[in-house]
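Okay, here's what each chain looks like letter by letter:
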Amino acid sequence: MAAGSSRGDPLALGLPPSPAEGRWEDRELRAQIQFKILRGHSDTVSSCHFCFEDTKILSCSYDTTVKLWDVEKGFPIQVFEEEHTAPISECNLTPDDRRMITSSYDSTVKAWDMETGKIVWTVEHEGIVTSCNISCDGRYVVSGSDKENTVYVFDARSATLVAHIHGHHKSTITRCCFDPDNQRVTSVSYDKTIKLWDMITQSTSITINEAHSNAISDCCFTSDGHYLCTASWDKSLKIWDIKTEEFRCHEPVSLNEGHEGSVSSCLFSQDASLVVSGGYDKTIAIWDTDAGYKKLSLKGHLDWVTDVAISKNKKWILSASKDSTLRLWNIEKMDHIPSVIEIRKARGSKIAQCEECEKTFLCLQRSDSETISKCVFCRLSSPVRKILPSPPSVSPDV
């Protein structure tokens with residue numbers, strides 16, 4: 001999710017509202033990627049998700065509204081409005097889809113009843129709220145405030161404060177979320193650090209300083225919680241093995257040359273075979289996780305891509321943008337696109353079996369002729385053979 005848009009200065013586009021557009025388009029027959037433009041917001045769309053078993057889409061915007069869309073029709077079927085008084089930075093649904101949590105530049109976090117559209121509770125913060133997330137068991141809500149870079153944890157039902165982590169980062173928190181085990185809160189920041197805070201010990205268990213060479217804009221976990229992906233303004237994404245305490249000895253996998261500018265957002269597919277990222281270059285990149293390369297770029301947005309999502313069956317990709325629209329992309333036939341086939345052939349890829357987990361993975365030919373016998377996740381779990389140089393010393397003030 002975009003740190004410089006949904007978690008930075010609320011830059012208004014000044015575009016008039018447009019009616020929702022539900023027509024499928026396919027402007028490039030050769031690309032074989034159909035897409036649908038969802039029009040309905042009147043300002044930057046800051047957050048988007050698939051929900052209700054991928055039949056619905058949830059989005060929020062700087063126009064202070066949240067919309068629930070029907071995927072098939074491409075129209076909003078429910079609008080949540082007249083509660084927030086400033087741009088909404090993020091929205092999330094509880095696992096049972098019955099409640100929604102929103103965070104806003106109006107310094108509040110709100111819980112909504114999805115059926116009635118009414119507010120269940122509101123929590124006031126001292127500064128603008130840049131991010132919010134719900135634990136996978138639906139019990140807790142985490143939020144990040146730019147006032148002294150604080151992280152808050154609340155009881156999701158009663159809004160009772162569970163933890164107040166004051167000065168958790170040295171600069172603005174761009175994203176905070178729970179791991180799939182509901183045991184740790186992960187946060188990333190303009191200060192280029194990754195922090196994991198333990199819910200049981202009520203303390204920071206892991207800190208990765210200088211994780212990127214510029215601000216970190218987003219982070220996401222694999223569904224098993226073993227790996228964390230981070231997106232950065234340094235134009236790269238990194239995949240970290242954070243399940244074991246020995247992760248500091250493991251070299252993160254870097255995904256480079258996917259965007260021409262800052263990367264705003266990232267998300268793993270349910271099976272972790274793909275990573276989807278959005279960027280300030282107005283594109284969405286689809287990465288093969290095992291082989292560590294960009295398979296395809298999706299182009300069409302007229303401004304920054306602020307957030308991305310992928311359906312559980314990997315058929316659809318959803319993107320939100322500063323151009324006030326969402327786009328729904330059908331990637332079902334992605335592997336049959338000529339350019340994707342050409343890239344795979346040019347890289348000398350082949351299907352191999354991991355010698356450790358025995359799963360098949362796409363193995364690309366390495367320029368150093370080194371034989372790759374393990375998938376990316378097993379390679380991440382193995383100690384590196386060489387000591388990597390430390391990243392250049394950069395002031396944490398971004």
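Up top you'll find the structure we're talking about.
Notes on the structure follow. (Residues numbered from 1 in each chain as written. Predicted model: local features only at pLDDT ≥ 70, side-chain atom pairs only at ≥ 80, totals over all residues. Heavy atoms only, no water.)

Examined against the element boundaries, His301 turns out to sit in the loop between strand E26 (293–299) and strand E27 (305–310). The class for His301 is buried, based on a relative accessible area of 5%. A distance of 2.7 Å separates polar atoms of two side chains, one belonging to His301 and the other to Ser319. Here Asp323 takes part through its side chain, which lies 3.0 Å from a polar atom of the side chain of His301. Excluding residues that lie within four positions of it along the chain, His301 makes contacts with Lys282, Ile284, Ser319, Ser321, Asp323, Thr325, Leu326 and Arg327. (Helix = DSSP H or I, 4+ residues; strand = E, 2+ residues; numbered from the N terminus. Buried < 20%, exposed > 50% of the residue type's maximum accessible area, 1.4 Å probe, protein only. Polar contact = N/O pair within 3.5 Å; in protein donor to acceptor, adjacent residues only side chain to side chain. Contact = heavy atoms within 4.5 Å.)

In sheet architecture, strand pairing relies on hydrogen bonds along the backbone and comes in two forms, parallel and antiparallel. Strand order in the open sheet formed by four strands is E7-E8-E9-E10, and the pairing between neighbours is antiparallel. Looking along the sheet, the strands with just one partner apiece sit at the ends: strand E7 (88–93) and strand E10 (119–124). Sheet twist, expressed as the average angle between the axes of neighbouring strands with direction ignored, equals 15 degrees. Of the strand pairs in this sheet, strand E9 (residues 108–113) and E10 are connected by five bridges, and their pairing is antiparallel. Considered in E10, the bridge of Thr108 is made with Glu124. (Pairing = 2+ DSSP bridges. Axes fitted to C-alpha atoms, helices over the stretch in contact; angles between N-to-C directions.)

Take the pairing of strand E17 (residues 194–198) next. Judged by how many residues are buried, E17 sits mostly within the fold: five of five residues are covered. Here E17 shows no split at all, with Ile194, Leu196 and Asp198 on one side and Lys195 and Trp197 on the other all buried. Alignment of strand E16 (residues 184–189) against E17, held across five bridges, turns out to be antiparallel. Pairing of Val188 across the sheet is with Ile194, part of E17. Relative to strand E18 (residues 203–208), E17 is paired through five bridges, and the arrangement is antiparallel. What sits directly across from Lys195, in E18, is Thr207. The hairpin turn running from E17 into E18, its antiparallel successor, is four residues long, and Gln202 in that turn takes a positive phi close to 55 degrees.

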